[in-house]
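One-letter residues, chain by chain:
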Amino acid sequence: MLDFKNRDFTSHKFLRLCEAISGAYPTVTMAEYMENQHPNRFILMRHDVDRIPERALGIARIEQELGIRSTYYFRTIKSVFKSEIISQIKDMGHEIGYHYETLSEANGDHEKALDLFRSNLEKIREICEVKTVCMHGRPLSKYDNRELWKTHDFRDFGITGEAYLSIGNDLNYLSDTGRTWGYKNSIRDSIPGKTDQVFAETTDELIELIERRELNNLYILTHPERWPSSILGWGLYYSTDLSVNFGKKILMRHRGKNPIHVRSNNNLSVTVDIEDWYHIPSVCGSSFSVYKNVSEFFDKWNERYDYLSEPTKRTLDLLDEFNITATFFVVADVAEHYPGLIESISERGHEIACHGADHTCVLDPKTKELLTTIEEFEATTRKAKKLLERISGQEVVGYRAPNAAVTGWMLDSLEKIGFKYDSSVSVNSLYNKSDSSLRAVSSCPYYPAPGSLEPACGKRNFVEFPWAYYDMGIKIPTYGGPTLRFLGSHLISKGLKQSLNRGHTIFYFHPIDISLENFPSIGNRRPLYWVIKGKIVEEKLRYVFNELETITKVPLRNQVDNNWGVQHRTIKNHQILNNETHN
């Protein structure tokens, strides 16, 4: 698990965000924006103080030190309305506004709500000037507080504008509502009429978006209570967010609102790993398997071995049904033991890529000990590439490491051999099968630095396509494969959709996942590995494909040819990450 400094939604992460803002954009208050007192490029920072006003004071101090001016909207409930804190934030140069919720408080009675609004506004104005107001969402209330202004005019109270209703389409809105910068946990937190939305899931992704300076104007909302300075505070609010988000999802479903939006211009690559039951690490090719490698398996195994051919045919039919052209990562020894199988895949128009010579792991994922030499890896992989090319009639440009055990030097070797991309890296909070921290990696394609799995500063003639994950404070692997069998298809779909909002992403499975037969009961350490497979997994695949029906699906070779969606890192970020790695 990550240490506190590296968790999202902490005061440390907020400091990193503010450092990025101060180095890339000037900032303006809400009143300055509404009065057209702003430059052409800017960031509008807004903070809704829903609870724990002391954290708002800490955030205001961070911003003041970095020259950032923001707008703070305070509720008037007793636990939030602290006049001394409001005064201190105002004296730092920040704008203070009223976070109203009077229509909800008045149970929909507009006249009563207006009287409450007037009274509370006067209360705040006894402390400081108030030019702008912002509704409080109150997700459990059936009343949208903005509806008050359908029958009345806030300008009658000397108010310049409302933080949702008075915003134009020139702003790109991002909110931390629901513990993400996306929109999946938001019921009312969106700009009316704004359909062109900017997406970032994590704060690190938002920082990257800011540092790229591709957008003119950003409108960023935070809730200060969500950014604590201690692990205890983080844990408490993390638990609170989980509970609240669960309740929101029930409301969204009840109200017919889709909780996850997907950017339509990002693609998905469906990938299929062609390997049989004996290729898995508990049977062959790992430090703890029954057989050292596939050669030893066939020397000693005299029973039936082919449980792959039948489900592969069903896989091809399933892909045809959904009109999907996939990338098949094939273990090269399949050519010897399953004659005609590779040809049948290629003839259907799918891409053939390499999944190793015989699925032997190069790295022990637990000890990080090398199980082969660089020279051995290059020799067997070059031979596997040529074999797959000869049989399929295709140029083989893609590679996936057996058991996803991948190292930085492997990518250099793959490029040397003639591959154009790898797809083995899995970022998640449960395990790491690589020899790298993967600190700077998300689910987006990127150019890896020489000798490393971390992103490079510039372009390279080799691309890494990492796998999908679902970020909910911890990162859950939702790329498919074993997670498709053991996790719900609904969670897998959510993780894929979230990853698609970051950029192009990967989904994968094995034909043997949908095999209807029982495999031989041999293998070390994983007695329950195949407890879920067959028809139930096939139905999960159908669910995922139906959920992502509108998403363009392309083989990975197309993404390499287009160089589309590949992330570049700034030198500044790369240097920071290198420094953190070596300290």
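The notes below deal with the structure included here. As the structure is a prediction and not an experimental result, all values here were calculated from the model. (Residues numbered from 1 in each chain as written. Predicted model: local features only at pLDDT ≥ 70, side-chain atom pairs only at ≥ 80, totals over all residues. Heavy atoms only, no water.)

1. Description of the overall build of the protein chain
Scanning the protein chain from terminus to terminus reveals 19 helices and 17 strands. Within the protein chain, the fraction of its 583 residues that count as buried is 58%. For the protein chain, restricting intrachain contacts to residue pairs at least 6 apart in sequence, the fraction spanning at least 24 positions comes to 75%. Surface summary for the protein chain: the accessible area is close to 23700 Å², and the carbon and sulfur share equals 49%. (Helix = DSSP H or I, 4+ residues; strand = E, 2+ residues; numbered from the N terminus. Buried < 20%, exposed > 50% of the residue type's maximum accessible area, 1.4 Å probe, protein only. Contact = heavy atoms within 4.5 Å. Areas by Shrake-Rupley, 256 points an atom, 1.4 Å probe, with all protein chains shown as cover.)

2. Here we look at the packing of aromatic side chains
Aromatic ring pairs are defined here through the distance separating the ring centres and the angle between the ring planes. This structure, assessed with the given rule, holds 39 aromatic pairs. Each ring, one from Y33 and one from F42, has its centre 6.0 Å from the other, and the planes form 50 degrees; the classification is tilted. Just as Y33 is buried, F42 falls in that class too. For the pair Y479 and Y508, a centre-to-centre distance of 5.7 Å together with 15 degrees between the ring planes defines the contact as stacked. Separated by 29 residues along the polypeptide, Y479 in the loop between β16 (475–477) and α15 (482–486) and Y508 in strand β17 (residues 505–509) bring together distant segments of the chain. For Y508, a relative accessible area of 7% translates into the label buried. Pairwise contacts between aromatic rings join W277, Y278, Y291, F297, F298, W301, Y305, Y307, Y338 and F519 into one cluster. Taking NZ or CZ as reference, R146 lies 4.8 Å from the ring centre of Y164, over its face. (Phe/Tyr/Trp six-rings, centres within 6.5 Å; stacked < 30°, edge-to-face > 60°. Lys NZ or Arg CZ within 6 Å of the ring centre and 35° of its normal.)

3. Here's the deal with the packing of helix α16 (residues 489–502) against helix α17 (residues 535–547)
Following both chains from N to C, one finds α16 and α17 inclined at 35 degrees, their axes separated by 9 Å at the closest point. Crossing of α16 against α17: the hand is right-handed. The segment α16 lies against α17, with S489, H490, I492, S493, L496 and K497 engaging K540, Y543, V544 and E547. The residue makeup of the contact of α16 with α17, split by class, is four nonpolar, three polar and three charged. (Axes fitted to C-alpha atoms, helices over the stretch in contact; angles between N-to-C directions. Left-handed = near helix turned anticlockwise from the far one by under 90°. Nonpolar A, V, L, I, M, F, W, Y, C, P; charged D, E, K, R; others polar.)

4. Observations concerning the environment of P281
For P281, the position within the fold is in the loop between β9 (268–274) and α9 (294–300). In this structure, the C-alpha to C-alpha distance between P281 and K292, residues eleven residues apart in sequence, is 9.7 Å.

5. Quick word on the pairing of strand β4 (residues 95–100)
In terms of residue burial, β4 counts as a mostly covered element, since six of its six residues are buried. Note that the unit made of strand β3 (residues 71–74), helix α4 (residues 83–91) and β4 has a crossover that is right-handed. Both β4 and strand β5 (residues 132–135) contribute to a ladder of three bridges, which runs parallel. Along β5, the bridge assignment pairs Y98 with V133. (Right-handed = clockwise from strand over helix to strand, strands pointing away. Pairing = 2+ DSSP bridges.)

6. Overview of the pairing of strand β2 (residues 42–49)
In terms of burial, β2 is a largely internal element, eight of the eight residues being buried. The alternating pattern of β2 places F42, L44, R46 and D48 on one face and I43, M45, H47 and V49 on the opposite face, and all of these are buried. Two elements, strand β1 (residues 27–28) and β2, share two bridges in a ladder whose sense is parallel. When the sheet's bridge partners are listed, V28 is paired in β2 with L44.

7. Examining the side chain of R460
Of note, R460 is situated in the loop between β13 (421–422) and β14 (463–464). Residue classification places R460 among the buried positions, given a relative accessible area of 12%. In terms of polar contacts, R460 uses its side chain to reach the side chain of E415, at 2.8 Å. Apart from the residues lying within four places of it in its own chain, the contact partners of R460 are L411, D412, E415, Y447, P448, A449 and P450. (Polar contact = N/O pair within 3.5 Å; in protein donor to acceptor, adjacent residues only side chain to side chain.)

8. What about unusual backbone geometry?
Residues other than glycine seldom take positive phi values, yet N107 does so here, at roughly 55 degrees. Backbone geometry at H359 places phi at a positive 70 degrees, although glycine is not the residue there. With respect to the helices and strands, the residue H359 is situated in the loop between β11 (351–354) and α13 (374–392).

9. Things to note about the packing of α13 against helix α14 (residues 408–417)
Contact geometry for α13 and α14: axes closest at 10 Å, N-to-C directions at 45 degrees. In terms of their interaxial angle, α13 and α14 are classed as oblique. Along this stretch, α13 crosses α14, giving a crossing that reads as right-handed. Residue-level contacts link I374, F377, E378, T381, R382 and K385 of α13 to W409, M410, S413, L414, K416 and I417 of α14. Taken together, the residues of the contact of α13 with α14 break down into six nonpolar, two polar and four charged. (Parallel < 35°, antiparallel > 145°, perpendicular 65-115°, else oblique.)

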